[in-house]
Amino acid sequence: MERKRIIIAIDGFSSTGKSTMAKTLARRIGYAYIDTGAMYRAVTLFALDNGLTNGDGTVNETALTAQLGEIAITFNVNPTTGQSETYLNGQCVEREIRSMRVSSMVSQVAKIAAVRRALVAQQQAMGRSKGIVMDGRDIGTVVFPDAEMKVYVTASAETRAHRRHDELVAKGDTSTTYEEVLHNVMERDRIDTTRAESPLRKADDAYTLDNSHMTIAEQDQWLIDLYDKISEGTNDGNN
Ligand code: DC
């Protein structure tokens, strides 16, 4: 059965495993996957590498806003791994944008209205022909309020900090303690949910997925079942 292509919005707190589940779902159903957090991270890396910070280490909003036109973010599939990777002005930054240096600054950058406007416009353009899975904080509320399938992912802060810490250790970063990661997770939750610009919140028509006690296989199945249910309900009717 040919199904109508839809937009799938996956929002939620950081380190809930959103990206992993969104990627798996996209691969299984043949959709493109867009990691919008990576876009905010790439802008943050640009700010850090170009000295767009103030003496106290905060982001220089005026300078960054003035240089937004200089930032080109694209996604390319790595032919060896088959994974999509983030490029900033033609350079692969997939690894660097996941560092603590970027993680500790990204919430500050993500609350700048001009940054959000620029990135949201790019995200909307990417979804024009549908058939995408996009993950972030405001996808179901701001970027695609009419998305056919919306999921809001949550898990306890401790569960998420353990996951992020394990990830850093697996990448060889042993300089960051679990407590530091937990602090970073909680601080980002606070900024993400209380900021004035598009704070993280569940869209009224989103399905909540609390994966604190779920295996990856269980959450993948949960998502595919929901996709089957929704996409069957939205098929073209001519097949
Ligand atoms: O999902 P992530 O941890 O890679 O996101 C990085 C930061 O970017 C996070 O602090 C929230 C912000 N973000 C956002 O404000 N809106 C999005 N659509 C995606 C991410």
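These remarks concern the structure in this document. Since this is a predicted model, take the numbers as computed values, not measurements.

### Focus: the site of the ligand
Part 1 of the reasoning: Around the ligand, the structure places 17 residues, and the nearest of them are T36, R41, R116, D138 and R195.
Part 2 of the reasoning: Here R41 contributes a side-chain N or O atom positioned 2.7 Å from an oxygen atom of the ligand.
Part 3 of the reasoning: Within the contact set of the ligand, an oxygen atom lies 3.0 Å away from a side-chain nitrogen or oxygen of R137.
Part 4 of the reasoning: Those elements giving two or more residues to the shell around the ligand turn out to be α2 (36-49), α4 (100-110) and α8 (178-194).
Part 5 of the reasoning: In terms of residue count, α2 provides more of the shell around the ligand than any other element does, four residues in total.

### A short note on the nonpolar core
Part 1 of the reasoning: Of all hydrophobic cores here, the largest spans 36 residues; its most connected members are V43, L64, I71, V115 and F144.
Part 2 of the reasoning: Counting only elements with at least two residues in this core, the list comes to β1 (7-12), α2, α4, α5 (113-126), β6 (132-136) and α6 (139-143).
Part 3 of the reasoning: Considering every element that reaches this core, the biggest residue donor is α2, with eight residues.
Part 4 of the reasoning: If sequence neighbours within four positions are ignored, L64 has contacts with V43, F46, A47, L52, V59, I71, V109, I112 and V115.

### Notes on the packing of α2 against α5
Part 1 of the reasoning: As a packed pair, α2 and α5 sit with axes 11 Å apart at the nearest point and diverge in direction by 140°. Comparing the axis directions of α2 and α5 gives the class oblique. Relative to α5, α2 is oriented so that their crossing is right-handed. Facing α2, whose interface residues are T36, M39, Y40 and V43, α5 presents V115, R116, L119, V120, Q122, Q123 and M126.
Part 2 of the reasoning: Here the residues of the contact of α2 with α5 sort into seven nonpolar, three polar and one charged.

### A word on helix α1 (residues 18-29)
Part 1 of the reasoning: For α1, with twelve residues, the first-to-last C-alpha span of 16 Å sits near the 16 Å given by 1.5 Å per residue.
Part 2 of the reasoning: Of the residues making up α1, those classed as buried are K18, M21, A22, T24, L25, A26 and I29.
Part 3 of the reasoning: Just beyond α1, the residue with positive phi is G30, at close to 70°.

### A closer look at the sheet that holds strand β7 (residues 149-154)
Part 1 of the reasoning: What the five strands build is an open sheet, ordered β2-β6-β1-β7-β8; its pairing is parallel. Edge strands, defined here as strands with exactly one partner in the open sheet, are β2 (32-35) and β8 (207-210). Strand-to-strand twist across the sheet, computed as the mean angle between neighbouring axes with direction ignored, equals 20°.
Part 2 of the reasoning: Two elements, β7 and β8, share four bridges in a ladder whose sense is parallel. Counterpart to T154 in the pairing with β8 is D210.

### A short note on the packing of aromatic side chains
Part 1 of the reasoning: Applying the stated rule across the entire model yields one aromatic pair.
Part 2 of the reasoning: Ring centres of Y31 and Y227 lie 6.2 Å apart, and the angle between their planes is 80°; this geometry places the pair in the edge-to-face category. Highlighted residues: Y31 in the loop between α1 and β2 and Y227 in helix α9 (residues 216-233), separated in sequence by 196 residues.
Part 3 of the reasoning: Directly above the ring of Y31 sits R5, whose terminal nitrogen or CZ lies 5.5 Å from the centroid.

Cut-offs used in this document
Residues numbered from 1 in each chain as written. Predicted model: local features only at pLDDT ≥ 70, side-chain atom pairs only at ≥ 80, totals over all residues. Heavy atoms only, no water. Near = heavy atom within 4 Å. Polar contact = N/O pair within 3.5 Å; in protein donor to acceptor, adjacent residues only side chain to side chain. Helix = DSSP H or I, 4+ residues; strand = E, 2+ residues; numbered from the N terminus. Core = buried A, V, L, I, M, F, W, Y, C linked by side-chain atoms within 4.5 Å. Buried < 20%, exposed > 50% of the residue type's maximum accessible area, 1.4 Å probe, protein only. Contact = heavy atoms within 4.5 Å. Axes fitted to C-alpha atoms, helices over the stretch in contact; angles between N-to-C directions. Parallel < 35°, antiparallel > 145°, perpendicular 65-115°, else oblique. Left-handed = near helix turned anticlockwise from the far one by under 90°. Nonpolar A, V, L, I, M, F, W, Y, C, P; charged D, E, K, R; others polar. Expected span 1.5 Å × (residues − 1). Pairing = 2+ DSSP bridges. Phe/Tyr/Trp six-rings, centres within 6.5 Å; stacked < 30°, edge-to-face > 60°. Lys NZ or Arg CZ within 6 Å of the ring centre and 35° of its normal.

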